[in-house]
Amino acid sequence: MPFLRSFLSEEQLLCSICLDVFDNPVSTPCGHSFCMTCIGHYWDSVKHCQCPLCKQTFKRKPDLYINRTLREITEQFKRMKGNPGASGGDGADRDAEEGGTTQEPVGSTLRPGQLPGYLLEEMKQRLTRHRAHRNSLASQNETWSEQIEQTLNTDSTSDTQPPGFARQVSLRRYTLSGAADAVKVPLCPKHHRNLELFCRSDLECICVACGQTEHQSHDITCAEKEWQSHKMKIAITENEIQEMTKQRMEKVEEIKQSLVDIKMLSEHEVQRSMQLFGALISSLERSQAGLLEVTEINRRSAEHQAELMIRELEQEITELRRRSTALAKLAQTENYITGLKGYSDVSTPKTMKDWTGISLTCDLGTKTIYTSVCQLLEQFKEELQKVPPAFCLSVSANQSPVKSHPSKTSVEVKRMQEYSVDVTLDSNTAHPRLILSEDKKKVWCGERHQQVPNNRERFDRVVCVLGCKGFTSGRHYWEVEVDGKTDWDLGVASHSCNRKGKITVSPSNGYWFLSLRDKNNYAFRTEPSTALPLSLKPQKIGLFVDYEKGQVSFYNVDAKMHIYTFMDNFSETIYPFFSPCTNKTGKNDAPLVITPVLMD
């Protein structure tokens, strides 16, 4: 009895908000107790209702009721604290009336913090009834828990798995402030029980009660075992990422080495050309200058392509390393809830580009210059034809560097021509100033606007026109004669591109085309435009589109030279795009002509 009398102290009866003895104590669903006024003011001052102690958040404000037993204890404690010699008063009389045996002797003195015997007996009886009720609930769930255990034991691959974990009930200790968990484990917000199971059907952690009700027919397993399985998958995924990172780093080194070889080849070609043309008269110096310019342009083009490829590869490597770091960090966590939630975010790989068939190539274009010189100077033809061909390196993802002939571009143009299509102009899209031939193969700009319907497909400010047939897949090639023009635009445009008013032309706005301005200024229309210094002015432009790869390429058909390639992603129908530009008072009145593709 002395132990029971010293069972309570003032610290056990303090509200954690006001730090004073409870006044009308209430208990939250998580088991902690506070003064009714204190918890009410606290919840009015925060955005979400949560327990001030364990920080458990409730979806809606709980209905709170006064804990009568705790209130009686605190009121008795206050009376004893105010009158240390009190013997229990009305409580002792009530015990006598009920025939109790714990009534305090008349005139006995209670020390501070002690309670009358009858009040302690009442507490013991209430705790006993609570334990009996809890045991009754546990027995009702025993059959279903055994089924869960049997399923989990069947899935287990280790002999050390502790049996009957599904029947493990979160041990609670009961204090005057309510129930508190012995181990801090996340609780089910609906049933306030440990989240120790994992529903594979809904991909969420649940408690035993959830599994018995709304998840009864789902695939359920132990959450901890499921997380261990996912951690094994993390290791596998991390190894795959490391392998992909290694392959891309090797690809970067191959491209860098190819660029070095191309630079060396360019220097060697320049030296050889200087020896060949050194003995020629001044008229041939222009040809030599042209050769130097073509070589420099192609070298710069190779550098530009290499920079783009390396930048894209490095971005993918950075992303892969970021995912690897995130997976490594995630593998260290023991919190299966955080792990399962984070795993779905980092385990799903972003779309990566397939680098297998992509290579860095370069054609210095010297063969064309040599042929031109042979035509001009017959006496040097035999000597120039004896010049050994230049070589450049082509690197693919799974092959070592191989040599290719400088006429590779010529072969490439022939291969593109195999995908030739019949392109005609769509008069419904033509600007009112544009004039189309009867066969819809020629277009030029007139002086005045024509009387045409102002339909939504028609361009009303920019003098351009689209092809009749669009592309949603496959490879396509066509050729356009541009001889005699000072300005023009050629390429492709998306179906949803803006056709009314002022137009901002760029790939981001659905336009991919090559432009000529003032006879000599070639550029691909990006933001800002990409200047393309060309020494050989093309008379006929070949256009090649690979829809799946997102490739738009331009070629000098007569010289069999590659001009420029742009890579993007197409998500809708694209159409051939033509703009003869304004006629500039007769200076640019020559038409754009879609010509038949002649296979050499």
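All of the points below concern the structure found in this document. Predicted model only: the values in this text are computed from it and were never measured.

Some words on the overall build of the protein chain
(1) Moving on: Looking only at helices and strands, the protein chain features 13 helices and 22 strands.
(2) Moving on: The proportion of buried residues among the 600 residues of the protein chain is 44%.
(3) Moving on: Summarising the internal contacts of the protein chain: among those between residues at least 6 apart in sequence, 63% fall at separations of at least 24.
(4) Moving on: Split by element, the accessible area of the protein chain, about 33200 Å² in all, is 51% carbon and sulfur.

Digging into unusual backbone geometry
(1) Moving on: The residue after glutamate 527, namely proline 528, is reached through a cis peptide bond having omega -5°.
(2) Moving on: Even without being a glycine, lysine 55 presents a positive backbone phi close to 65°.
(3) Moving on: Mapped onto the elements of the fold, lysine 55 is located in the loop between α2 (36-44) and α3 (68-82).
(4) Moving on: Phi at lysine 440 takes a positive value of approximately 60°, unusual for a residue other than glycine.

Description of the sheet that holds strand β18 (residues 540-546)
(1) Moving on: Across the sheet, which stays open at both edges, the seven strands sit in the order β10-β11-β22-β13-β18-β19-β20 with antiparallel pairing between neighbours. Sheet topology places β10 (434-436) and β20 (561-567) at the edges, where each strand pairs with a single neighbour. Going across the sheet, the axis of each strand differs from the next one's by a mean of 20°, ignoring polarity.
(2) Moving on: For strand β11 (residues 442-445) and strand β22 (residues 592-595), the ladder comprises two bridges, and the chain directions are antiparallel. Residue pairing in the sheet places lysine 442 in a bridge with valine 593 of β22.

Some thoughts on the packing of aromatic side chains
(1) Moving on: Counted under the stated rule, the structure contains twelve aromatic pairs.
(2) Moving on: Geometrically, the ring pair formed by tryptophan 43 and phenylalanine 58 is edge-to-face, given 6.2 Å between the ring centres and 75° between the ring planes. In this pair, tryptophan 43 is assigned in helix α2 and phenylalanine 58 in the loop between α2 and α3, connecting sequence segments 15 residues apart.
(3) Moving on: Tryptophan 43 sits in the buried class, given a relative accessible area of 4%.
(4) Moving on: Its relative accessible area of 10% is what places phenylalanine 58 among the buried residues.
(5) Moving on: Relative to phenylalanine 544, the ring of tyrosine 419 has its centre 6.0 Å away and its plane inclined at 55°; by these criteria the two rings are tilted. Of this pair, tyrosine 419 sits in the loop between α13 (408-417) and β10 while phenylalanine 544 sits in strand β18; the two residues are 125 residues apart in sequence, bridging distant segments of the chain.

Here we look at the pattern of salt bridges
(1) Moving on: Scanning the entire structure with this criterion turns up 17 salt bridges.
(2) Moving on: Ionic pairing is found between arginine 200 and aspartate 219, a salt bridge with its closest N-O pair at 3.6 Å. Placement of arginine 200 in the loop between β5 (197-199) and β6 (204-206) and of aspartate 219 in the loop between α7 (208-212) and β7 (220-222) is noted, with a sequence separation of 19 residues between them.
(3) Moving on: According to the relative accessible area criterion, arginine 200 is partly exposed, its value standing at 34%.
(4) Moving on: For aspartate 219, a relative accessible area of 38% corresponds to the partly exposed category.
(5) Moving on: Among the charged side chains, a network of salt bridges with common partners joins Lys263, Glu296, Arg299, Arg300 and Glu303.

What to know about the nonpolar core
Soluble, globular proteins show a tendency: their nonpolar side chains are buried together.
(1) Moving on: Counting 35 residues, the largest nonpolar core has Trp478, Trp488, Leu490 and Phe578 as its most contacted members.
(2) Moving on: When residues no more than four places from it in sequence are discounted, the contact partners of tryptophan 478 are Val421, Val423, Phe471, Gly491, Val492, Ile541, Gly542, Leu543, Val545, Pro576, Phe578 and Val597.
(3) Moving on: Residues Cys188, Leu197, Cys207 and Tyr336 belong to the second largest nonpolar core, which totals 23 residues.

Side note on the environment of valine 545
(1) Moving on: Mapped onto the elements of the fold, valine 545 is located in strand β18.
(2) Moving on: A relative accessible area of 1% places valine 545 in the buried class.
(3) Moving on: Taking the C-alpha atoms as reference points, valine 545 and tryptophan 478, 67 residues apart in sequence, are found 9.2 Å from one another.
(4) Moving on: With sequence-adjacent residues up to four places away left out, valine 545 is seen in contact with Gly474, Arg475, His476, Trp478, Val492, Gln551, Phe570 and Ile574.

Things to note about the sheet that holds strand β16 (residues 521-524)
(1) Moving on: The six strands are arranged β12-β21-β14-β15-β16-β17 in an open sheet whose pairing can be described as antiparallel. Edge strands, defined here as strands with exactly one partner in the open sheet, are β12 (465-466) and β17 (530-531).
(2) Moving on: The pairing of β16 with β17 spans two bridges and is classified as antiparallel. In the sheet register, alanine 523 faces β17, and the bridge partner there is alanine 531.

Considerations on the state of the cysteines
(1) Moving on: Following the criterion strictly, the structure yields zero disulfides and no others.
(2) Moving on: With no disulfide of its own, cysteine 207 lies closest to cysteine 210 among cysteine sulfurs, the gap being 3.5 Å.

Side note on the environment of glutamate 72
(1) Moving on: In this structure, glutamate 72 sits in helix α3.
(2) Moving on: Each C-alpha atom of the pair glutamate 72 and asparagine 24 lies 9.4 Å from the other, and the pair is 48 residues apart in sequence.

Notes on a negative patch on the surface
(1) Moving on: Residues Asp20, Asp23, Glu72 and Glu75 make up a contiguous surface patch of negative charge.
(2) Moving on: Assessed through its relative accessible area of 45%, aspartate 20 is described here as partly exposed.

Description of helix α10 (residues 336-347)
(1) Moving on: When we look at burial in α10, the residues that qualify are Tyr336, Gly339, Leu340, Gly342, Tyr343, Val346 and Ser347.
(2) Moving on: The N-terminus of α10 is capped by asparagine 335, whose side-chain oxygen sits 3.0 Å from the backbone nitrogen of isoleucine 337.

Definitions and limits used
Residues numbered from 1 in each chain as written. Predicted model: local features only at pLDDT ≥ 70, side-chain atom pairs only at ≥ 80, totals over all residues. Heavy atoms only, no water. Helix = DSSP H or I, 4+ residues; strand = E, 2+ residues; numbered from the N terminus. Buried < 20%, exposed > 50% of the residue type's maximum accessible area, 1.4 Å probe, protein only. Contact = heavy atoms within 4.5 Å. Areas by Shrake-Rupley, 256 points an atom, 1.4 Å probe, with all protein chains shown as cover. Pairing = 2+ DSSP bridges. Axes fitted to C-alpha atoms, helices over the stretch in contact; angles between N-to-C directions. Phe/Tyr/Trp six-rings, centres within 6.5 Å; stacked < 30°, edge-to-face > 60°. Salt bridge = Lys/Arg side-chain N within 4 Å of Asp/Glu carboxyl O. Core = buried A, V, L, I, M, F, W, Y, C linked by side-chain atoms within 4.5 Å. Disulfide = S-S within 2.5 Å. Patch = residues over 30% accessible without salt bridge, like charges linked within 9 Å, V, L, I, M, F, W, Y side chains within 5 Å. Lys, Arg positive; Asp, Glu negative; His and termini not counted. Charge placed at Lys NZ, Arg CZ, Asp CG, Glu CD. Polar contact = N/O pair within 3.5 Å; in protein donor to acceptor, adjacent residues only side chain to side chain.

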